[in-house]
Amino acid sequence: MKGTYILILKIDKEKILRIGKLGEIEFKRGLYVYVGSGMNSLIGRVARHFKRFKRTKWHIDYLSIEADEMVVFLIPNEKIECKLAKDFEKRFKPIEGFGCSDCNCSSHLFYIPF
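Thresholds, definitions, all that
All chains use their own residue numbering, which begins from 1 and follows the written sequence. This being a predicted model, a pLDDT of at least 70 is required before a residue's local features are given, and a value of 80 or more before pairs of side-chain atoms are given or counted; all residues contribute to the totals for chains, interfaces and linings. Note: side-chain values were computed over all heavy atoms of the structure, leaving out hydrogens and water. We call two strands paired when DSSP finds no fewer than two bridges between them. Secondary structure is summarised from DSSP: a helix means a run of H or I of at least four residues, a strand means a run of E of at least two, and numbering begins at the N terminus for each. Contacts were defined at the residue level, with two residues in contact if any of their heavy atoms lie within 4.5 Å. A fitted line through C-alpha atoms serves as each axis, taken over the contacting stretch for helices, and the angle formed by two N-to-C directions is quoted from 0 to 180°. In plain words, nonpolar cores are sets of buried Ala, Val, Leu, Ile, Met, Phe, Trp, Tyr and Cys residues tied together by side-chain atoms within 4.5 Å. For every residue, the accessible area obtained with a 1.4 Å probe (protein chains only) is divided by the maximum for its type, and the residue is called buried under 20%, exposed over 50%, and partly exposed between those limits. Here the arc refers to the directions that run from the helix axis out to each C-beta atom. In the sections that follow, a salt bridge refers to a side-chain nitrogen of Lys or Arg positioned within 4 Å of a carboxyl oxygen of Asp or Glu. Pairs of N or O atoms within 3.5 Å make up the polar contacts considered here, provided that, within protein, one atom can donate a hydrogen while the other can accept it, and that residues adjacent in sequence are counted only when both atoms are side-chain atoms.

Topic: the sheet that holds strand 1 (residues 3-11)
- The strand order across the open sheet built from five strands is 5-1-4-7-6, with neighbouring strands paired in antiparallel fashion. Taken across any chain shown, the strands that pair with only one partner, and hence form the sheet edges, are strand 5 (69-76) and strand 6 (93-94).
- Here helix 1 (residues 42-49) sits on the sheet in contact with strand 1, strand 4 (30-38) and strand 5, set at roughly 10° to strand 1.
- Where helix 3 (residues 81-89) meets the sheet, its contacts fall on strand 1, strand 4, strand 5, strand 6 and strand 7 (109-112), and the angle it forms with strand 4 comes to roughly 160°.

The structure is reproduced here in structure tokens:
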């Protein structure tokens, strides 16, 4: 199966994390919404995010190993991650440059305080 997914990550305490080439980013307490796709294996890509021990390859890997809770929503057979990212950017605070090194979006990760 291929498609797009929305991963929601909960961060209970403020953290400063080193995110690959992006460097250090402060993650405040709250929810983070990440949009991604798995056009070869949607289930395989999403399952990777739930592994606590993994080689950090993508920006989201650095955050997912630190998340306190996560939930995912699958959108099978659709490649709409950039469309969703542009929609989310209108409503939530983007984390600039996160998860979008292969497209023209400003971010694929968005912060929602609680």
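Here we look at the nonpolar core
- Residues Leu 9, Phe 27, Tyr 32, Tyr 34, Leu 63, Phe 98 and Leu 109 are the most contacted members of the largest nonpolar core, which totals 20 residues.
- The biggest single contributor to this core is strand 1, with four residues.
- Residues contacting Leu 9, with those up to four places away along its chain left out, are Gly 30, Leu 31, Tyr 32, Tyr 34, Ile 60, Leu 63, Ser 64, Ala 67, Glu 69 and Met 70.
- Counting nine residues, the second largest nonpolar core, distinct from the first, contains Val 33, Leu 84, Phe 88 and Cys 100.

Concerning helix 3
- Regarding helix 3, the residues found buried are Glu 81, Leu 84, Ala 85 and Phe 88. Take helix 3 and look down its axis: the buried residues cluster within an arc of 105°, on one side only.
- Taken together, the buried residues of helix 3 touch strand 1, strand 4, strand 5 and strand 7.

Describing the pattern of salt bridges
- Applying the stated rule across the entire model yields six salt bridges.
- Between Glu 66 and Lys 15 there is a salt bridge, with its nearest N and O atoms 3.6 Å apart. You can see Glu 66 sitting in the loop between helix 2 (59-64) and strand 5 and its partner Lys 15 sitting in strand 2 (residues 15-19), a full 51 residues away along the chain.
- The buried category is assigned to Lys 15, whose relative accessible area is 19%.

Focus on the side chain of Ser 64
- You can see Ser 64 is positioned in helix 2.
- At a separation of 3.4 Å, a polar atom in the side chain of Ser 64 contacts the main-chain carbonyl oxygen of Asp 61.
- Beyond its immediate sequence surroundings of up to four residues, Ser 64 is in contact with Leu 9, His 49, Arg 52, Lys 54 and Met 70.

Observations concerning the side chain of Ser 107
- The residue Ser 107 is located in the loop between strand 6 and strand 7 in this model.
- With relative accessibility at 1%, the residue Ser 107 sits in the buried group.
- Within the structure, Ser 107 has its side chain in polar contact with the backbone oxygen of Ile 95 (distance 2.6 Å).
- Within the local environment of Ser 107, its side chain forms a polar contact with the backbone oxygen of Leu 109, the two atoms lying 2.8 Å apart.
- With sequence-adjacent residues up to four places away left out, Ser 107 is seen in contact with Ala 85, Pro 94, Ile 95, Glu 96, Gly 97, Phe 98 and Cys 100.

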